[in-house]
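# Overview (structure and organization)
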Amino acid sequence: MTTPTPFGIRLHDAIERTGRLCVGIDPTARDLDAWSLPDDARGAARFAAAIIEASAGQVPVVKPQAAYFERFGPDGVVALADTIRLAHAAGLLVLLDAKRGDIGSTNAAYAEAYLRAGAPLGVDAMTVSPVAGVASLAPFVDVARAEGAGLFVLARTSNPEAYASQTARETDGGTVAEHVLAWLRAQNAGQDVGSFGCVFGATVDDSHDALAGLHAFVLAPGLGAQGATADDLARRFRDGRFVLPTTSRAIAAAGPSLRAVAAAVTDTVEACTDALRPVRVQDSAR
Ligand SMILES: O=c1ccn([C@@H]2O[C@H](COP(=O)(O)O)[C@@H](O)[C@H]2O)c(=O)[nH]1
């Protein structure tokens, strides 16, 4: 049996081939309406197919938001499975934004559902929540290691409401987010590019020093509809090598013309790749 190439390496190599952006697939009611698509599972699948076609070859990875498919029940889950298959067939990695996270035994079941090769909803990486205790995520790590998959654990999310809980101090004085990052550093130990990354919003203004030494990708949502810009990426993330910006509604807003969506992807890739290119000497030495 061959050992699967770890997700971190696969993402790194795909970024080198394409650009530094993750395109989100969020079939919101508003965007389906703007695209003259029905607000149902079929509409969501057609919307997703167009975003995939416009993104293929331009970006390394797409990020379907599970909630926008699940709202249509079983048909929506089938549309999500079809979307995952279509993206893979188009040569894209798939990062499922599902933010799962529970006690360890249940996390093992989630990991089987999303990270096991050949599972109907099997993806390359997924978002997970550490709210039940970061160590409860161990089953996700076990399956991810076996399958060459990756995780993005919520550390500092892009929404302002999360500030209080994610910067709350634990008994040793470190913040909740710092504990998440310390745990991730341990999972990535010994790797140049690990597979266990975090979510750290492009909208977050506080210190990004905690990201040093993570040796894994940082998914940075918040560009576009939530107000962050490429300049914010450059300013907030001092070491851009591992930053993977993601944006959803700002890309959909260019549609429904496929050509216009593809052009929006091209422009956003260029802006993000440029913003994150400079690596200062003192950062690269860390
Ligand atoms: O901290 C987080 C984590 C995840 N998200 C998700 O990303 C997209 C953002 O959509 P935009 O249209 O680019 O605002 C959405 O699916 C969120 O659930 C996030 O925004 N922030």
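What you see is a predicted model, and the numbers here were worked out from it, not measured in a lab. (Residues numbered from 1 in each chain as written. Predicted model: local features only at pLDDT ≥ 70, side-chain atom pairs only at ≥ 80, totals over all residues.)

Here the focus is the nonpolar core. Ranked by size, the top nonpolar core spans 91 residues in total, and within it Ile51, Val153, Cys198 and Val218 carry the most contacts. In contact with Ile51, other than residues within four places in its own chain, are Val23, Ile25, Val62, Ile251 and Val261. (Core = buried A, V, L, I, M, F, W, Y, C linked by C-beta atoms within 7 Å. Buried ≥ 20, exposed ≤ 12 C-beta atoms within 10 Å, placed from the backbone. Contact = placed C-beta atoms within 7 Å.)

Note: predicted coordinates in regions of low pLDDT should not be interpreted at a detailed level. The share of residues in the chain with pLDDT of 70 or more is 97%, and the mean pLDDT across the chain is 95. Counting contacts from residues 280–286, a segment whose pLDDT is below 50, to residues more than four positions away or on other chains yields six contacts. The ipTM for the predicted assembly is 0.99, set against a pTM of 0.96. (pLDDT = per-residue confidence, 0-100.)

Per the UniProt record, "domain: Orotidine 5'-phosphate decarboxylase" (unreviewed entry) is found at residues 20–264. The annotated region residues 20–264 carries 40% helix and 17% strand content, and the separation between its end C-alpha atoms amounts to 14 Å. (UniProt positions renumbered as here; feature names shortened; annotations may be inferred. Helix = DSSP H or I, 4+ residues; strand = E, 2+ residues; numbered from the N terminus.)

A separate point is the packing of helix H6 (residues 104–115) against helix H7 (residues 138–147). For the pair H6 and H7, the least separation of the axes is 7 Å and the interaxial angle reads 30°. With respect to H7, the element H6 is oriented roughly parallel. Here H6 runs over H7; the crossing is right-handed. Between H6 and H7, the residues in contact are Gly104, Asn107, Ala108, Ala111, Glu112 and Leu115 and Ala138, Pro139, Phe140, Val143, Ala144 and Glu147, respectively. Residues belonging to the contact of H6 with H7 are distributed by class as follows: eight nonpolar, two polar and two charged. (Axes fitted to C-alpha atoms, helices over the stretch in contact; angles between N-to-C directions. Parallel < 35°, antiparallel > 145°, perpendicular 65-115°, else oblique. Left-handed = near helix turned anticlockwise from the far one by under 90°. Nonpolar A, V, L, I, M, F, W, Y, C, P; charged D, E, K, R; others polar.)

What follows covers the sheet that holds strand S5 (residues 150–156). Pairing in this closed barrel of eight strands is parallel, and the strands run S1-S2-S3-S4-S5-S6-S7-S8 around the ring. On average, adjacent strands in this sheet sit at an angle of 30° to one another, irrespective of strand direction. Across two bridges, the pairing between strand S1 (residues 22–25) and strand S8 (residues 243–247) is parallel. Bridge pairing in S8 links Val23 to Thr247. In the packing of H7 onto the sheet, contacts are made with strand S4 (125–128), S5 and strand S6 (196–200), and the angle to S5 comes to roughly 145°. (Pairing = 2+ DSSP bridges.)

Along the chain, Lys99 falls in strand S3 (residues 93–100). On the basis of neighbour count, Lys99 is assigned to the partly exposed category, with 18 C-beta atoms found within 10 Å. Ignoring anything within four residues of it in the chain, the contact list for Lys99 reads Thr127, Val128, Ser129 and Leu154.

In this section: the site of the ligand. Lining the immediate environment of the ligand, one finds 15 residues, of which Gln65, Thr157, Pro221, Ser248 and Arg249 sit closest. In terms of residue class, the shell around the ligand is built from three nonpolar, nine polar and three charged. (Near = placed C-beta within 6 Å.)

Moving on, we come to unusual backbone geometry. The peptide bond linking Gly255 to Pro256 adopts the cis configuration, its omega dihedral lying at 10°. Mapped onto the secondary structure, Pro256 falls in the loop between helix H11 (249–252) and helix H12 (258–276). One non-glycine residue with positive phi stands out, namely Ser36, at about 55°. Positive phi outside glycine occurs at Lys99, with the angle close to 45°.

Our next topic: H6. Here H6 is twelve residues long and its end C-alpha atoms lie 15 Å apart, about the 16 Å a rise of 1.5 Å per residue gives. Those residues of H6 not exposed but buried are Asn107, Ala111, Tyr114 and Leu115. Viewed along the axis of H6, the buried residues span an arc of 85°, placing them on a single side of the element. The exposed set on the far side of H6, more than 90 degrees from its buried face, consists of Ser105 and Ala109. On its buried face, H6 sits against S3, S4 and H7. (Expected span 1.5 Å × (residues − 1). Arc of directions from axis to C-beta.)

Once that is clear, we can look at the pairing of S8. For a regular strand, side chains alternate in direction, first toward one face of the sheet and then toward the other. Counting buried residues in S8 gives five out of five residues, a clear majority hidden from the surface. Neither face of S8 is open: one carries Val243, Pro245 and Thr247, the other Leu244 and Thr246, and all of them are buried. Sheet topology places strand S7 (residues 218–221) next to S8; four bridges connect them, and they run parallel. Counted as the bridge partner of Pro221 is Thr246 from S8. The β-α-β motif built from S7, the intervening helix H10 (residues 230–236) and the parallel element S8 has right-handed crossover chirality. (Right-handed = clockwise from strand over helix to strand, strands pointing away.)

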